[in-house]
Amino acid sequence: MVKKKKSLASPEPTPGGKVGVYVCHCGGNISDAVDVEQVCAQARRVPGVVVARDNMFMCSDPGQEMIIEDLKSGLVERVVVASCSPSLHETTFRNALVRAGGNPYVYEHANLREQVSWVHHGPEATAKATRLVAAAAAKAAQLKPLDPIRVEVRPRALVIGGGMAGLKAALELAERGQAVVLVEKSPFLGGQVAQLQELAPGGETAAAVIGELAGAVLQHPAITVYTCAQVEGFEGYIGNFKLKITRTSPESAEYSEKLERLSQSGCGPGEYVPFVGLMPAAIPESREEIDLEAGVIILATGMRPYQPRQGEYGYKDFPEVVTLPEFIRALAAAPAAGDTLVLHGRHIRGAALIHCVGSRQIPGIHEENPGGYLNEYCSRTCCAAILHAANLIKERHPQTKFFDFYRDIRTYGRGQEELYTRAAANQVLFFRFEAGEEPQILQNPDAKGSPLLVRVKDVLTFGEELEVPVDLVVLAVGQEPNNISDLVEKMKIPVGADRFLQEVHPKLRPVELSVAGILLAGTCQAPFGVGEACAAAGAAAVKAAAILSRGYVELDPFVAEVDLSKCTGTGACVEACLADGALAMVEMEVGGQKVQRARVNPVMCLGCGACVAVCPENAINIQGWTLKQFESMVDMIVSDEYLEQA
Amino acid sequence: MALVNPDFAAELQAYGVDTALECFNCGTCAAICPLNYEHFPRKMIRYIQVGAKQQILQQAQDLWRCLHCGLCTRTCPRQANPGELILGLRRYVVAQSRRGEHV
Amino acid sequence: MFKPTDIIDLLAANVRQTRNPFGVPASRFNTWWRDAGGSTRRPGDALLFTGLMYQAIPFIEATTRYLERLEDSPWAEHLRWGRLVPASLRGLGLDYLTAAAEKKKFNGILQTICRVLKKSQVGFFYHPEMDFYSGILLYDLGDQEGFLRHARFVARTLKLHGVQKIITVDPHTTYALKELYPKYTGESFEVTPYFTLLHLAKEGGGNGQPPVVLHDPCFYGRYLKLAEGPRQVLRSLGLEYVEVRNCGEFTSCCGGPAESVSPALSREILERRAAELQAAAAPVVTFCPICLANLLKAGLPVEDLASLVGRTVNNGG
Ligand code: SF4
Ligand code: SF4
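Conventions used here
Residues numbered from 1 in each chain as written. Chains lettered and ligands numbered in written order. Predicted model: local features only at pLDDT ≥ 70, side-chain atom pairs only at ≥ 80, totals over all residues. Heavy atoms only, no water. Buried < 20%, exposed > 50% of the residue type's maximum accessible area, 1.4 Å probe, protein only. Helix = DSSP H or I, 4+ residues; strand = E, 2+ residues; numbered from the N terminus. Pairing = 2+ DSSP bridges. Right-handed = clockwise from strand over helix to strand, strands pointing away. Near = heavy atom within 4 Å. Nonpolar A, V, L, I, M, F, W, Y, C, P; charged D, E, K, R; others polar. pLDDT = per-residue confidence, 0-100. Contact = heavy atoms within 4.5 Å. Salt bridge = Lys/Arg side-chain N within 4 Å of Asp/Glu carboxyl O. Polar contact = N/O pair within 3.5 Å; in protein donor to acceptor, adjacent residues only side chain to side chain. Expected span 1.5 Å × (residues − 1). Buried area = accessible area lost by both parts, 1.4 Å probe.

### Considerations on the pairing of strand E8 (residues 180–183) of chain A
Residues and elements named next belong to chain A.
Here comes step 1: Residues Val-180 and Leu-182 point to one face of E8 and Val-181 and Val-183 to the other, with burial holding for every one of them.
Here comes step 2: The pairing of strand E7 (residues 157–160) with E8 spans four bridges and is classified as parallel. Paired with Leu-158 across the two strands is Val-181, which belongs to E8.
Here comes step 3: Regarding topology, helix H6 (residues 164–175) serves as the crossover connection from E7 to the parallel E8, and that connection is right-handed.
Here comes step 4: With four bridges connecting them, E8 and strand E11 (residues 223–226) associate as parallel partners. Its bridge partner being in E11, Val-183 is matched across the sheet by Tyr-226.

Set out below in structure tokens:
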């Protein structure tokens with residue numbers, strides 16, 4: 001299952017020598033604080049260094065070419081690049097080594113930007129840069145070529161979540177020829193989108209979108225769907241996840257309401273029912289367990305709408321105050337024609353729309369939610385959704401007046417600004433409030449008028465206090481991530497301060513998690529619109545398909561390695577090890593005797609070095625970060641021999 | 001504290017005031033207006049939007065400060081024609097005043 | 001509380017009685033044409049329509065000067081509007097108050113316009129009985145009723161006289177006839193400002209005139225987008241001009257229209273514009289009687305486009 005790849009075809013570098021040092025100006029980011037030329041001059045005096053060069057941007061093509069040429073000409077065999085943070089460009093330069101026919105691990109990186117030029121100035125900056133470069137060069141002189149760890153991949157993807165993003169990811173994977181298992185907690189497919197009618201801004205219907213997508217998923221032979229299912233057991237690593245799925249009859253009241261709707265609709269299995277979704281299979285009578293192996297996992301666990309507290313904008317105090325999803329549901333039952341909108345038999349002459357409910361909450365200004373947190377983020381979809389609803393109604397029922405109370409209007413995407421413009425054309429009247437001065441919902445003292453009064457200190461009217469009588473208040477509630485703390489714990493997934501799952505890099509690796517092999521799709525990651533969730537799901541599916549179709553993955557070989565000539569089998573390392581299954585004592589024959597010796601499972605090893613610290617024999621080391629290499633770095637940091645004489 | 005009256009804007013249509021709800025209160029007009037005076041003309045336009053008839057009548061004198069220079073109308077990003085709205089309000093106030101209504 | 005109708009009603013009454021807001025019969029101040037040489041109407045000729053704006057300025061100015069002495073009195077609020085109504089000073093002898101030199105200057109502009117139109121071989125005629133005030137002030141002040149009544153009268157009268165083509169000389173009248181009349185009276189005319197009709201050969205290449213700086217009136221520059229016309233005239237005469245940043249569609253108001261509401265406000269706006277123009281370090285040329293009178297107050301070297309054109313043509317010819 002795990003095997004070492006054939007060694008990369010590159011000559012063994014000369015021990016201890018032929019180090020090339022390449023110092024980057026970072027377009028001034030570094031060279032404004034660091035005397036790059038002086039760093040190069042001093043680097044040339046470090047033992048083992050044969051050349052030191054500088055470039056305005058080492059990461060540019062000419063910069064990389066410079067390194068490749070030196071490697072190809074044989075001048076250099078080991079490389080140090082001194083530039084920005086390794087998290088940004090270490091891979092770039094390792095790849096340059098590969099392009100030159102070298103081994104990517106005979107490379108060391110020095111960070112002169114975050115660790116020097118951005119935090120130090122004057123001669124000290126140049127002095128520190130010089131020592132960092134010297135230390136890196138000393139380590140580079142000690143590096144050995146390594147081979148990446150190659151892991152075979154189980155040819156199956158697991159998608160968790162049967163909403164828009166999960167369905168989309170499953171379908172995309174299946175269409176790329178991959179086997180998919182989709183697991184959905186509830187009895188239904190369609191997620192939150194199935195709770196909507198028309199989707200902003202384009203007006204496609206949820207029925208059409210979900211109907212089409214879920215239909216295709218259910219028909220696809222490569223996709224297995226489990227509803228009422230949850231991931232209970234999880235172990236393994238990229239390429240080899242082992243999962244236990246359980247199916248049980250769900251108990252939540254939310255589901256029973258939907259089951260009720262379903263049975264009233266008269267629709268059969270696999271048919272779309274508004275505000276329910278699709279129920280592809282019967283609810284299991286008894287608990288079922290399914291064992292599953294998967295090469296990749298896509299999390300599409302989705303979001304839920306913010307639920308206002310009792311009394312928040314009069315919610316639950318007044319029956320006329322509803323959330324946008326509740327309003328959409330009520331609307332579906334309302335007569336479609338007529339001058340004024342009629343909801344539950346009441347004429348809605350005036351309706352207030354309130355933005356940012358449960359979003360953009362500010363510490364010190366807003367009250368914490370029951371769980372003790374604040375949703376400081378913008379939910380991004382509520383502005384468009386509520387204006388879209390207002391436009392629809394206004395165009396159907398011209399006599400219903402809308403009063404829109406916003407903190408900011410954020411109709412940010414394609415087709416969304418038009419919703420705002422259309423709302424103005426539809427004579428929606430806007431009011432703006434400051435955070436902390438949210439509109440108040442009161443009983444209208446005028447018993448003959450509308451039941452409620454919205455009182456607001458209106459920024460647009462120069463801070464004057466205005467009152468608007470209304471028959472209805474609709475709260476544009478934001479998105480919150482679904483609670484998946486069990487999965488988070490099992491899979492050790494990083495979660496952001498906003499409780500959404502956190503990607504590796506918001507721009508460069510937007511659908512990957514730091515746990516290799518687990519990908520993100522949709523609103524478990526951040527508030528998204530339907531289109532954005534689909535785009536993210538597509539990206540995750542392509543990433544997953546790439547891993548699956550290659551059949552193996554390569555991992556960095558920075559893992560523990562046992563020197564059997566030194567190991568005496570104390571077992572201290574196994575005790576210290578932090579990762580389950582990474583290190584074990586195994587029986588083996590040494591010199592004709594059966595003995596206990598440590599053995600590393602490189603795929604599970606974190607490369608943390610806890611074992612290195614405890615081994616009394618110094619018999620275990622992290623490849624690419626050996627104690628010897630560290631020592632040489634420290635020696636060079638304290639040495640003065642390469643410094644220019646004043 | 002004023003009660004919003006959304007019907008006032010419709011009442012003003014008879015005086016050629018029909019673009020007030022296009023205004024999204026950006027304040028461009030007030031910034032470019034040479035009068036440089038207390039949010040004028042946006043102030044008046046906002047009063048039309050919320051139906052603050054009393055405020056308009058109380059501050060009617062300000063309407064006649066407008067030069068009809070048209071800079072606001074030219075620069076309004078929403079074609080709300082602020083300058084023309086000011087002229088329309090003048091017509092409204094004059095008509096009110098002629099009708100003997102207390103101005 | 002403010003009652004706009006006090007003054008509006010006075011002006012409207014004047015328009016009803018004398019067909020102009022000043023309350024004196026046009027014949028009292030519309031005298032420029034007597035010295036302009038006759039013009040006979042030939043079929044197809046356009047009517048030269050002054051709208052009585054240039055003629056009225058010296059009288060308004062004289063009234064203002066007189067009223068300024070009363071600025072601190074309790075009457076001030078209404079007296080400022082009184083400047084538009086020289087008739088209120090009838091007892092003092094309006095002609096006596098009005099400097100002859102001023103009258104000559106503004107009448108001269110109209111006479112020059114006549115001369116350059118003729119030189120450009122434009123077929124036009126003038127008849128004082130067909131030259132009316134446009135009603136623009138009533139429109140501006142919000143007296144829609146008064147404006148409509150007057151505008152309908154003017155439009156009907158002109159139609160009665162078979163007028164189709166009209167040549168205008170000032171931006172306010174041009175705006176009224178071109179934009180407001182069709183919209184509110186239903187009558188349309190072919191309205192052309194005089195400067196777009198000029199075809200003057202380049203005689204003498206500007207005669208070594210120093211470059212001038214142009215001040216576009218709001219109605220021409222912005223509302224009617226006619227700023228290019230005067231520039232073309234200057235170029236055809238080989239006259240050089242420079243632009244200030246706020247020109248054409250984005251010209252700055254000279255503050256003139258605020259004079260009656262608040263002289264202080266008007267002054268402030270005028271000074272801002274004057275500073276913009278002064279930065280160009282060149283004599284100012286404009287083409288609106290209100291702008292002209294107002295910019296003169298700022299102490300700038302300013303003249304009307306017609307005066308400059310007339311002088312250039314003279315010297316060259
Ligand atoms: S038209 Fe009136 S309100 Fe508009 S910029 Fe000019 S002076 Fe100000
Ligand atoms: S510029 Fe236009 S949109 Fe902006 S505040 Fe003025 S009238 Fe409203």
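### Details of the site of ligand 2
All names here are of chain B.
Here comes step 1: What surrounds ligand 2 is a group of 13 residues, the closest being Cys-23, Cys-26, Gly-27, Cys-29 and Cys-76.
Here comes step 2: Elements with a contribution of two residues or more to the shell around ligand 2: helix H2 (28–32) and helix H3 (42–50).
Here comes step 3: The class makeup of the residues in the shell around ligand 2 is nine nonpolar, three polar and one charged.

### A closer look at the confidence of the model for chain C
Here comes step 1: The predicted model of chain C averages 87 in pLDDT, with 85% of residues at 70 or higher.
Here comes step 2: Taken together, the chains of this predicted complex give a pTM of 0.81 and an interface ipTM of 0.94.

### Concerning the confidence of the model for chain A
Here comes step 1: Per-residue pLDDT for chain A has a mean of 93; in total, 98% of the residues score no lower than 70.
Here comes step 2: Confidence over residues 1–9 of chain A falls short of pLDDT 50; this stretch has 23 contacts with residues more than four positions distant or in other chains.

### Considering the interface of chain B and chain C
Reports often express the size of an interface as the amount of accessible area lost when the parts come together.
Here comes step 1: At the interface, 23 residues of chain B touch 31 residues of chain C.
Here comes step 2: Counting every contact that joins chain B to chain C gives four salt bridges.
Here comes step 3: Here Glu-145 of chain C ties to Arg-98 of chain B by a salt bridge, and the two come within 3.9 Å at their closest N and O atoms.
Here comes step 4: Applying the counting rule to chain B against chain C returns ten residue pairs in polar contact (both at pLDDT 80 or more).
Here comes step 5: Of all the secondary-structure elements, those providing two or more residues to the side of chain B that touches chain C are helix H5 (60–63), helix H6 (71–75) and helix H7 (82–98) of chain B.

### Some points on helix H3 (residues 86–99) of chain A
Think of an α-helix as turning once every 3.6 residues; residues three or four places apart then point the same way.
All names here are of chain A.
Here comes step 1: If you check H3, its first and last C-alpha atoms are 19 Å apart, about what 14 residues at 1.5 Å a residue would give, namely 20 Å.
Here comes step 2: Buried residues belonging to H3 abut helix H2 (61–72), strand E4 (78–83) and strand E5 (107–111).
Here comes step 3: Just past H3, the residue Gly-101 takes up positive phi, approximately 90°.

### Notes on the interface of chain A and chain B
Here comes step 1: Counting residues at the interface gives 22 residues for chain A and 19 residues for chain B.
Here comes step 2: Where chain A abuts chain B, roughly 1,800 Å² becomes buried across the two surfaces, and 62% of that area is made up of carbon and sulfur atoms.
Here comes step 3: On the chain A side of the contact with chain B, Leu-429, Phe-462 and Glu-467 of chain A bury the most area, a combined 31% of that side's loss.
Here comes step 4: At the surface where chain A touches chain B, the tally comes to two salt bridges.
Here comes step 5: Its salt-bridge partner being Lys-401 of chain A, residue Asp-7 of chain B comes within 3.3 Å of it at the nearest N-O pair.
Here comes step 6: Across the contact surface, chain A and chain B share ten residue pairs in polar contact (both at pLDDT 80 or more).
Here comes step 7: Of all elements in the fold, only strand E23 (401–406), helix H11 (417–425), strand E24 (429–432), strand E26 (452–458) and strand E27 (464–470) of chain A reach the threshold of two or more residues within the side of chain A that touches chain B.
Here comes step 8: Here the side of chain A that touches chain B is built from residues that sort into 13 nonpolar, three polar and six charged.

### Looking at the arrangement of the chains
Here comes step 1: The interface with the highest contact count, out of two pairs of chains in contact, is the one between chains B and C.
Here comes step 2: One finds no contact linking chain A with chain C; the least C-alpha distance across the pair is 23 Å.

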